Every structure is written in C-alpha cells, then in structure tokens.
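Close look at the chain arrangement
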Amino acid sequence: MSKKIEKYTFYTTEWQEYLSQLEEKINESAYLPKYHLYPKTGLMNDPNGLSYFNGKYQVFYQWFPFDSFHGMKHWGHATSEDLVKFKDEGFALIPDEEYEKNGAYSGNAFEYNDELYLFYTANYKTNTGKVAKQALAIMDKKGTITKYPKNPILEGAPKGFSQELRDPFVFERNSSFYMLLGGGRFLEGEQTGFGDIGELLLYKSTNLVDWTYQGTIDLPIDKGYMLECPSLVTIDGKDVLFLSPMGYEKETYRYQNRFSSIYLVGQLDVEKRTFALEHVDELDAGFDYYAPQSFYGKNQLPLTFGWFGCGEQVYPIDTEGWKHGLTTAQEMRLVDGKLRRFPTEEVQKQFTDKQTIRTNQLLLEYPYYHLQFELNKEQESTICFGTKDDFWQLNLDEKKETVTIDRGHLAKKIDTEYGMKRTCEIAELANNITVDVFVDNSFIELYLNEGERVFSFRVFLESEQTTISFSKETEATWAYLK
Ligand code: FRU
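Each chain carries its own residue numbering, running from 1 in the direction its sequence is written. For a predicted model such as this one, the threshold for reporting local features is a pLDDT of at least 70, and the threshold for listing and counting side-chain atom pairs is 80 or more; totals across whole chains, interfaces and linings nevertheless cover every residue. Here the side-chain values reflect all heavy atoms present in the structure, with hydrogen atoms and water set aside.

Our working rule: UniProt positions are given in the numbering used here, feature names are shortened, and annotations may be inferred rather than shown by experiment.
Looking at an unreviewed UniProt entry, one finds the protein chain named Sucrose-6-phosphate hydrolase and attributed to Enterococcus ureilyticus. Regarding the protein chain, the relevant UniProt record gives this comment under Pathway (unreviewed entry): "Glycan biosynthesis; sucrose metabolism." Per UniProt, the protein chain has the following entry under Function (unreviewed entry): "Enables the bacterium to metabolize sucrose as a sole carbon source."

**Examining the overall build of the protein chain**
Heads up, the condition is: To qualify as a helix, a DSSP run of H or I must reach at least 4 residues; to qualify as a strand, a run of E must reach at least 2; elements of each kind are numbered from the N terminus. The quantity called the radius of gyration is restricted to C-alpha atoms. Its globule counterpart is 2.2 Å times the number of residues to the power 0.38. Accessible surface is estimated by sampling points in the Shrake-Rupley manner with a 1.4 Å probe; for residues, cover comes only from the protein chains shown.
For the protein chain, the count of helices and strands is 2 helices and 34 strands. Its C-alpha atoms give the protein chain a radius of gyration of 22 Å, near enough to 23 Å, the size a compact globule of 482 residues would have. Its C-alpha atoms put the protein chain at 65 × 55 × 45 Å along the principal axes. A total of about 19700 Å² of accessible surface is found on the protein chain, and carbon and sulfur atoms cover 44% of it.

**Focus: the pairing of strand β34 (residues 466-481)**
Applied cut-off: Criterion used throughout: strands pair if DSSP finds at least two bridges between them.
As defined by bridge partners, strand β25 (residues 351-364) adjoins β34 across 11 bridges and the pair is classed as antiparallel. Each bridged residue has a counterpart across the sheet, and for glutamine 361 the counterpart in β34 is serine 469. Of the strand pairs in this sheet, strand β26 (residues 368-376) and β34 are connected by 4 bridges, and their pairing is antiparallel. Bridging across to β34, histidine 370 finds its partner in alanine 479. The pairing of strand β27 (residues 381-387) with β34 spans 4 bridges and is antiparallel. Looking at the pairing, glycine 386 lines up with threonine 467 of β34.

**Some thoughts on the environment of tyrosine 52**
Stated precisely, the cut-off is as follows: The buried label goes to any residue with under 20% of its type's maximum accessible area, the exposed label to any with over 50%, and the partly exposed label to all in between, with areas taken from a 1.4 Å probe on protein chains only. Whether two residues are in contact is decided by their heavy atoms, any of which lying within 4.5 Å being enough. Counted as a polar contact is a pair of N or O atoms within 3.5 Å, where, for protein atoms, one must be capable of donating a hydrogen and the other of accepting one, and residues adjacent in sequence contribute only when both atoms are in side chains.
Mapping tyrosine 52 onto the fold places it in strand β1 (residues 42-53). For tyrosine 52, a relative accessible area of 25% corresponds to the partly exposed category. Once the C-alpha coordinates of tyrosine 52 and glycine 337 are considered, the two residues, 285 residues apart in sequence, prove to be 26 Å apart. Beyond its immediate sequence surroundings of up to four residues, tyrosine 52 is in contact with Tyr57, Glu111, Tyr296, Gly297 and Lys298. There is a polar contact of 3.4 Å between the side chain of tyrosine 52 and the backbone oxygen of glycine 55.

Okay, structure coming up:
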C-alpha cells in the first residue's frame with residue numbers, strides 16, 4: 001500500500017491491487033460527494049471530451065490515479081444518462097506511448113461518422129524544454145478507444161510561440177473543421193517555457209487528422225501569459241468562448257485565485273480570425289474552479305462542467321489519496337448578453353420534499369441539500385453555515401454592494417496562502433437576490449440569481465449536521481437529496 005509513486009508512472013495491471021486498496025481506503029473518507037463526479041483514487045482535474053454520444057453523456061477527465069498530486073495525466077471516463085448518476089468506465093487514455101511520455105493532457109471530443117474523435121495534448125518533455133504535440137484517439141460505438149496510429153497529428157509550435165501549446169478544442173464552422181489551441185507567444189526571439197503573452201491559435205482541417213495553422217485569433221482582452229482550455233458554444237446566435245488564462249493580476253473583486261477562468265460573448269470570425277467582443281467576465285467567484293469545458297448535450301442544450309479545483313491547492317484531506325472533482329453539469333443561457341449557468345433540471349430534481357420556514361436558524365441533518373432564500377441588496381446580511389467553532393459564512397455588504405464568502409472560521413483551514421475570502425460585486429443585480437446553495441458534503445456551489453454570479457468552493461466541516469444562522473428572520477426553503 002505504501003508504495004512510492006514516481007510522478008511519471010502510467011497504469012499497467014501491476015497497479016490493480018494497489019489501486020483497489022487505495023479505493024477501499026478512500027471509500028471511508030468523511031468528505032465524499034454524492035452527486036459530483038470525483039476520482040475513485042488519486043487526483044482529478046479538467047473535464048475533457050464532454051459530449052452526448054451513442055445515447056449517453058460521455059464525461060472524460062484529467063486523472064492521476066495513484067495519489068493526490070499532479071502526476072502523469074491519464075484520461076478517466078464516466079458515462080451518464082442524466083448527468084447525475086455516473087457509471088465509471090475506467091481508463092480512456094493511458095499515456096504508454098513515447099510521444100505522450102509525460103501525460104495525456106486536456107482536449108475535447110468531436111463526433112464524426114458515428115465515432116467519437118478524442119483530441120488531446122501529448123505532453124512531451126525533453127532536457128531543453130517541452131515539444132508541443134497534439135494527438136487523437138477514436139472511440140467507436142462499442143466504447144473501444146484506439147489511438148490514431150500516426151500520432152501525433154500536430155507537432156511543434158509555430159515560430160515565436162511557446163511549446164506550451166495545448167488543450168485542443170475541435171469544432172465545425174462553415175462546413176470546415178477548426179481546432180483551437182491555447183498557448184503563448186514570446187516578445188523577443190525563441191525561448192523555452194511559457195510565453196510572454198497568451199494566445200489562441202487556430203488550425204483548419206478537411207479530414208480531422210491533417211491540420212494547417214491559420215494564425216492567432218485577435219482577442220481584445222487581457223490574455224495573461226498563457227491561455228489554457230479553450231472551448232466554444234453558440235447560444236441564441238452568439239458565440240460564447242471559454243478561456244482559462246494564467247497570469248492575471250488580482251483585482252479587488254476579481255481574479256483572486258492562482259489562475260482564472262473567463263467567458264467572452266460575441267462573434268467569432270474564423271476567416272478573419274477576430275472575435276467581435278460584446279461582453280467578457282470571470283466565470284466563477286469561488287475558490288475552487290478552473291478549466292471549464294462547454295459542449296452541447298442532448299437536444300443541443302449548451303452545458304458546461306468545470307474542474308472543482310485550481311492549481312496546486314492545499315486541502316486538509318490531502319493525505320486521503322483523492323483530490324478534487326468536477327462541478328455539477330450546468331445549463332447555460334444568455335440574459336441581457338451575459339452568461340448564466342445553473343445546475344441542470346436533472347440535478348435539481350434530485351432534491352425532493354421541499355420544506356419552507358421563516359426562521360433565524362435552521363438545523364440540517366445531512367450535508368447533501370439544496371437551500372434557497374432571498375437577500376435584499378439594501379440590507380446587510382450574514383448567514384453562517386456550520387457549528388459555533390467551525391463554519392463558513394456569506395455576507396452581503398449593502399454599502400459596498402458586494403457578497404463575500406468567508407472560509408476563515410473553519411476548524412480545518414483550506415489553502416490559506418490564497419486567502420480566506422472571495423467577494424463579488426452585486427451592483428448590477430436586481431434588488432432581491434435569490435440564493436441557491438447546493439451542498440454535496442465538501443463540494444459547495446452557491447448561485448446568486450440562478451447563475452448571474454456563482455461561487456464554487458470546498459469546505460471540510462467536522463460535523464455532518466449544519467446549523468444555518470441568518471442574521472435576521474428569513475424565509476428559507478430546503479430539500480435533501482433523494
Ligand atoms: C489546466 C491544465 C491544462 C492541461 C491539464 C494538465 O488545468 O493545465 O492546460 O492540459 O491541466 O492536467
């Protein structure tokens with residue numbers, strides 16, 4: 001059991017016993033979720049290859065199966081009918097080829113001729129730095145995944161760009177195939193490592209395997225020093241582009257985490273390589289959110305999952321051998337040109353027997369619930385969740401017109417290096433703000449006005465019971481997970 005795990009280890013059957021023992025140990029954790037996807041062992045990060053294929057949702061994810069740190073990335077796989085109950089499908093990609101010797105990094109899925117094309121970055125390190133490589137694997141309707149024999153399908157970065165070039169996102173437009181890659185450019189000469197300015201690169205193909213570089217997309221935004229995980233959906237005729245930039249400066253109420261995720265609304269022109277920007281904002285105001293991917297679900301529903309984590313955070317349960325997970329599946333819509341994301345109806349439907357009460361205090365017996373209440377923007381309000389010596393809180397400051405989540409009063413402190421509070425502005429929100437809190441043990445998603453603002457964050461309370469104390473009498477509605 002106490003095997004020393006080398007960072008770049010890939011799975012072979014020799015690891016089976018070790019992994020089953022680890023899984024048994026993890027099953028005893030007090031902090032496992034019930035309706036968020038989490039790794040049965042090891043570390044889960046970005047959602048990958050999200051798609052509705054063969055009558056089922058296909059959810060892939062970045063996975064280091066052996067321990068709770070960022071090691072050799074495999075692709076894990078789960079399928080689901082409803083995005084609430086997930087069937088574990090085990091390994092989708094094991095990085096056992098020379099060209100991917102440092103991991104199978106993120107990418108997306110594209111359905112073509114009844115097969116699911118899985119695009120990913122083959123992470124390849126040398127003594128003098130990385131060599132950018134993109135690869136392809138194809139899943140048939142039986143679920144068999146075969147790596148493309150001529151991998152990599154793209155090698156190296158265009159001149160002047162960093163070899164940290166990754167996270168392919170393939171889509172179709174005007175009857176051609178396009179691939180977005182996130183990367184960075186050097187301001188002077190050729191260098192190694194990350195670039196100086198983040199860039200979004202565009203490639204084109206007629207057959208999904210031969211790709212030609214078109215140039216960068218002109219994005220009228222701060223691009224940091226590296227753009228990760230691009231994805232794109234169209235909602236009501238508008239393009240919504242998701243990006244995860246590295247290197248954003250902290251602002252008073254935005255970009256508080258080590259890395260940030262943003263969305264852009266506008267029009268992408270693949271010929272001119274421009275994005276006519278109408279709106280841009282941070283996606284999530286919480287502590288634990290990064291690298292989301294957007295996709296179309298059943299009936300072309302625009303959906304997204306995010307990684308419920310960010311960077312290399314320190315959690316009190318790091319020794320348990322599992323780390324992170326994904327957010328719930330969230331449905332997206334545009335309201336007044338801005339994005340709202342909220343758990344799908346299927347997620348909401350799992351909470352039954354709603355109860356409503358007007359109170360100052362509520363005791364919830366189990367840490368799997370959906371709680372709703374309203375806040376008035378003109379009245380200060382504080383709501384504490386937990387017990388006297390171990391709680392997190394939400395505060396509405398009517399003067400500053402902000403909502404803050406504070407993890408500073410928890411007995412088990414979390415990732416203290418990155419601060420205890422996250423704040424978002426509510427000036428633009430209507431006077432009455434609805435709050436929806438979806439608690440799944442240590443995974444919390446808190447929505448203002450059905451996703452006008454969202455906080456995703458982890459909390460490790462010591463008690464299973466949660467006392468919710470409102471600073472003034474409030475009408476609260478709650479329901480437990482079925
Ligand atoms: C984002 C990211 C991606 C990369 C993957 C590796 O979290 O850094 O850019 O493909 O994680 O796990």
